[in-house]
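Overview (structure and organization)
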Amino acid sequence: MVERADTILYLDGVSVAFDGFKAIRNLSFVLKRGEMRAIIGPNGAGKTTMMDIVTGKTRPDEGDVFFNGTVDLTRHDEADIATLGIGRKFQKPTVFESLTVEDNLSLALAAPRDVFSVLFARGSAKRAKRIDEILETIRLGHRRWHLAANLSHGQKQWLEIGMLLAQNPKLLLVDEPVAGMTDAETEETARLLREISATHSVVVVEHDMHFVRELDVKVTCLHEGSVLSEGSLDHVSSDQRVIEVYLGR
Amino acid sequence: MISGYLARNGLESRIIATIVLILAAGIAVPVSNLVLDPLHPLHVPTYIVALLGKYLTYALLALALDLVWGFCGILSLGHGAFFALGGYAMGMYLMRQIGTRGVYGDPVMPDFMVFLNWKELPWYWYGFDQFWFAIVMVALVPGVIAFVFGWFAFRSRVTGVYLSIITQAMTYALMLAFFRNDMGFGGNNGLTDFKDILGFDVQADTTRAGLFAASAAALAIGVIVTARITGSHFGKLMIASRDGESRARFLGYRPEMVKLFAFTVSAVMAGVAGALYVPQVGIINPGEFAPANSIEVVVWTAVGGRGTIIGPIIGALLVNGGKSWFTGVLPEYWLFALGGLFVFVTLFLPKGIVGTFQAHIGRGREKRKANRAEDAQTPSGAEVSPVGAE
Ligand SMILES: Nc1ncnc2c1ncn2[C@@H]1O[C@H](COP(=O)(O)OP(=O)(O)OP(=O)(O)O)[C@@H](O)[C@H]1O
Ligand SMILES: [Mg+2]
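A closer look at the overall build of chain B
- Scanning chain B for helices and strands turns up 15 helices and 4 strands.
- Here the C-alpha atoms of chain B give a radius of gyration of 23 Å, agreeing with the 21 Å that 2.2 N^0.38 yields for 390 residues.
- Taken along the three principal axes of its C-alpha coordinates, chain B extends 90 × 55 × 40 Å.
- Among the 390 residues that make up chain B, the fraction classed as buried is 49%.
- For chain B, contacts bridging at least 24 residues in sequence account for 77% of all contacts bridging at least 6.
- A total accessible area of about 17900 Å² is found for chain B, and carbon and sulfur atoms account for 67% of it.

Rendered as structure tokens:
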């Protein structure tokens, strides 16, 4: 058993019900510092809801949720949690459509977030350089001044990953990053995430088993709001219960 | 000279042109009124100066609304209240300037208080004999009320139509309060019969010309403030909070604070507009708080184009120009015309006049900018291998 102090994310006995429907049941999930984890599971398993709980969007009815071993996330709101160092990419790509690609990144860039700091913020060479780097990484340099609304689905996914990079959080929660991407883009994304995981803790939710294999990390399979199976991808995908509820369909 | 200064401060050429135009009008109209012979074809008669001056204050009010509605997505249906509060603050100063020239000749108390048999000036009228104090109150009262209102509304995450409804309720409640005689603001008659402002006769041509110039200057400052706020990094945050309030939270921002700031600044602008309006029309009464007034401001802004800086100014000038003409010809039908105009704009010009116009120009501009970027990027893009390129 892992000590809470060594974890970046620690969920224990967490439950959430929506109008009596238990979306998360007695869920326990532990992520060590610097670890990358893939989460799989059928639709409605509670994968996104788990991220909602961690990022403060949904309050758990019971259970412990700790960040970095000591911070009780149930006591903080979304903005606080983001500032603590948890970044999130949404299942449905969520970027600011009426702003340009560059402005989206610039807003995400790590900097003080209070009204007056933002009001008197000045562009700096350092910020510009960081944005250039990220644009190159996510291959959107040529769309820098385009409105985010005009990007393709896959490009929006990458822009959102770029925003995560700009935020430079300690923990990244990445919900279905390769939906809508071509095979080549999917492989590229897997490589990008592996590179990110060298310096960050990451949780990736994905249905694309090919992509999960590319990530080459420990896998957790959720089902009906709790952990069904956990271990290497080979271990999990040969688990009879996982085959029954998920892979076998 | 002015334009050079503005350009150095990073304002777009379109905004600079607007400011120069406003300031030019602020000089030309008074000069023509005061210097030219009344028979000269370019002479602007005094009643027109006062009318145009009033329009300028409306334009500032529409600009204030646009800051919150166009850029932050807060459809305030109560901005007329901030305008009226600024107007009352100025009206209180003007009342106290009357002094012994009132009907009852009381050196301190305005006529309506003497009439109500009040023995002494209420405490909240203290200080309004000083111009500087009145000016501070013109900004402070609307600002503080907007701050307190916004603090509760935005932090409770009241948005959309619910927020619009409570802003409407706010102005309605204030109207009922100001109608009461015992509030000490002159009841339904309001404040009027002003004599002079800073020692100048409010009826004099020179004073009217001066008030026009002051209104133009205030509008120009309003444009600069709005352009600086919306053109900054903060402006982008305003758009982000408008279009993706929850997304902005997950980036660590607090959209409610962004809105609160914009709402407060906007209320102060509206208050200043009201303060310039009152000496030019010669009266302020609770009718200025009427919910319909606030809705009219929304129509001006929508017609001109919300989310642009020039739009609300053009909208306020056009619609009010139209109103003055229309009420001269077919007074009973003005409200129908206004309603029809709003429906027309909503259906056929959702971006308003300026927004529609800019969308055409802007598309070309974005393309050009993007093309230039592509040209610049392609050669280097081919050499530098992005992460994970094979
Ligand atoms: N805010 C909410 N209100 C009501 N029900 C909700 C809410 N959020 C999630 N649910 C329900 O909780 C269950 C888990 O949903 P969740 O989105 O977490 O699934 P998921 O594992 O992410 O599935 P998918 O793979 O389809 O994204 C679903 O049945 C969903 O309908
Ligand atoms: Mg999901």
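Considering the coordination of the magnesium ion (ligand 2)
- For the magnesium ion (ligand 2), the protein coordination sphere consists of T48 of chain A (OG1) and Q91 of chain A (OE1), at 1.9 to 2.1 Å. Linking T48 of chain A in helix α1 (residues 47-54) with Q91 of chain A in the loop between β6 (86-89) and α3 (101-108), this pair joins segments that are 43 residues apart in sequence.

Brief notes about the site of ligand 1
Residue and element names in this part refer to chain A.
- Close to ligand 1 lie 14 residues; N43, K47, T48, T49 and H207 are nearest.
- Residue N43 places a side-chain N or O atom 2.8 Å away from an oxygen atom belonging to ligand 1.
- Within the side chain of K47, a nitrogen or oxygen atom sits 2.8 Å from an oxygen atom of ligand 1.
- Against a free-state accessible area of 630 Å², the protein chains account for coverage of 64% of ligand 1.
- Among the elements of the structure, β2 (21-32) and α1 are those that each provide at least two residues to the shell around ligand 1.

Examining helix α4 (residues 79-98) of chain B
- Compared with the 28 Å implied by 1.5 Å per residue over 20 residues, the 29 Å span of α4 of chain B between its first and last C-alpha is a close match.
- Of the residues flanking the end of α4 of chain B, it is G99 of chain B, one or two places downstream, whose phi is positive at about 55°.

Some thoughts on the sheet that holds strand β5 (residues 71-72) of chain A
Residues and elements named next belong to chain A.
- Overall, antiparallel pairing links the 4 strands, which are arranged β2-β1-β4-β5 in an open sheet. Every other strand in the sheet has two partners, leaving β2 and β5 as the edge strands with one partner each.
- In terms of strand pairing, strand β1 (residues 7-18) meets β2 through 8 bridges, oriented antiparallel. Counterpart to T7 in the pairing with β2 is K32.

What to know about the confidence of the model for chain B
Residue and element names in this part refer to chain B.
- In this model, chain B carries a mean pLDDT of 90, and residues with pLDDT of at least 70 account for 90%.
- Every residue in residues 376-390 is under pLDDT 50, and counting partners more than four places away or in other chains gives 14 contacts.
- Per the prediction output, this complex has pTM 0.91; the corresponding ipTM is 0.92.

Some points on the interface of chain A and chain B
- At the junction of the two partners, chain A supplies 42 residues and chain B supplies 34 residues.
- For the pair chain A and chain B, the summed buried surface comes to about 3600 Å²; carbon and sulfur atoms form 63% of the total.
- Together, F96, L107 and W145 of chain A form the three largest contributors to the area buried by chain A at its contact with chain B, with a combined 17%.
- The interface formed by chain A and chain B includes 5 salt bridges.
- Linking chain A with chain B are 11 residue pairs in polar contact (both at pLDDT 80 or more), by the criterion used here.
- Among the secondary structure elements, those contributing two or more residues to the side of chain A that touches chain B are α2 (78-84), α3, α4 (115-119), α5 (125-137), α6 (153-167) and α7 (183-197) of chain A.
- When residues in the side of chain A that touches chain B are grouped by element, the largest group, 5 residues, is from α2 of chain A.

What to know about the sheet that holds strand β3 (residues 36-40) of chain A
Residue and element names in this part refer to chain A.
- Pairing in this open sheet of 6 strands is mixed, and the strands run β6-β7-β8-β3-β9-β10 from one edge to the other. Edge positions in the sheet fall to β6 and β10 (226-231), since each of these pairs with one other strand and no more. Direction aside, neighbouring strands of the sheet carry axes that sit 20° apart on average.
- Where strand β9 (residues 218-223) and β10 come together, 5 bridges link them in antiparallel fashion. Residue pairing across strands places V219 opposite G231, the latter belonging to β10.
- Against the sheet, α1 touches β3, β6, β7 (171-175), β8 (201-205) and β9, its axis set at about 150° to β7.
- Sitting on the sheet, helix α10 (residues 240-247) is in contact with β3, β9 and β10, with an inclination near 120° to β10.

Examining the packing of aromatic side chains
- A complete count under the given rule lists 28 aromatic pairs over all chains for this structure.
- The side chain of R4 of chain A reaches across the aromatic face of F66 of chain A, ending 3.6 Å from its centre.
- Between R113 of chain A and the ring centre of Y253 of chain B, over which it is positioned, the NZ or CZ distance is 4.4 Å.

Considering the side chain of D196 of chain B
Residue and element names in this part refer to chain B.
- As for its placement among the helices and strands, D196 is situated in strand β2 (residues 196-197).
- Overall, the relative accessible area of 13% leaves D196 in the buried class.
- Polar side-chain contacts of D196 include one of 3.0 Å to the side chain of R101.
- Beyond its immediate stretch of four places on either side in the chain, D196 contacts L94, Q97, R101, D201 and V202.

Digging into the side chain of E206 of chain A
Residues and elements named next belong to chain A.
- Topologically, E206 is positioned in the loop between β8 and α8 (209-215).
- K89 provides the closest opposite charge to the buried, salt-bridge-free E206, at an N-O distance of 7.6 Å.
- Of the polar contacts made by the side chain of E206, one reaches the backbone nitrogen of D208; its length is 3.3 Å.
- The contact partners of E206, leaving out residues within four places of it in the chain, are I39, I40, E176, P177, V178, A179, F211, V212 and Y246.

Things to note about the packing of helix α3 (residues 46-72) of chain B against helix α13 (residues 310-329) of chain B
All names here are of chain B.
- Closest axis-to-axis distance for the α3/α13 pair is 8 Å, and the angle between their directions is 135°. Looking at the two axes, α3 sits oblique to α13. For α3 against α13, the interelement crossing comes out right-handed. Listed contacts from α13 to L51, Y55, Y58, A59, A62, L63 and D66 of α3 are P312, I313, A316, L317, N320, G321 and S324.
- Here the residues of the contact of α3 with α13 are counted per class, giving 10 nonpolar, 3 polar and 1 charged.

Describing the pattern of salt bridges
- Enumeration over the complete set of coordinates arrives at 28 salt bridges over all chains.
- Here R241 of chain A ties to D239 of chain A by a salt bridge, and the two come within 3.3 Å at their closest N and O atoms.
- Salt bridges sharing partners connect three or more residues here, namely D77 and D80 of chain A together with E245, R249, R254, E256 and K259 of chain B.

Quick notes on the environment of G123 of chain A
- With respect to the helices and strands, G123 of chain A occurs in the loop between α4 and α5.
- Along the backbone, G123 of chain A and S106 of chain A are 17 residues apart, and their C-alpha atoms lie at a distance of 9.3 Å.

About the thresholds
Residues numbered from 1 in each chain as written. Chains lettered and ligands numbered in written order. Predicted model: local features only at pLDDT ≥ 70, side-chain atom pairs only at ≥ 80, totals over all residues. Heavy atoms only, no water. Helix = DSSP H or I, 4+ residues; strand = E, 2+ residues; numbered from the N terminus. Rg over C-alpha atoms; globule rule 2.2 N^0.38 Å. Buried < 20%, exposed > 50% of the residue type's maximum accessible area, 1.4 Å probe, protein only. Contact = heavy atoms within 4.5 Å. Areas by Shrake-Rupley, 256 points an atom, 1.4 Å probe, with all protein chains shown as cover. Donors = N, O, S within 2.8 Å, 3.2 Å for Na, K, Ca; no water. Near = heavy atom within 4 Å. Polar contact = N/O pair within 3.5 Å; in protein donor to acceptor, adjacent residues only side chain to side chain. Expected span 1.5 Å × (residues − 1). Pairing = 2+ DSSP bridges. pLDDT = per-residue confidence, 0-100. Buried area = accessible area lost by both parts, 1.4 Å probe. Salt bridge = Lys/Arg side-chain N within 4 Å of Asp/Glu carboxyl O. Axes fitted to C-alpha atoms, helices over the stretch in contact; angles between N-to-C directions. Phe/Tyr/Trp six-rings, centres within 6.5 Å; stacked < 30°, edge-to-face > 60°. Lys NZ or Arg CZ within 6 Å of the ring centre and 35° of its normal. Lys, Arg positive; Asp, Glu negative; His and termini not counted. Parallel < 35°, antiparallel > 145°, perpendicular 65-115°, else oblique. Left-handed = near helix turned anticlockwise from the far one by under 90°. Nonpolar A, V, L, I, M, F, W, Y, C, P; charged D, E, K, R; others polar.

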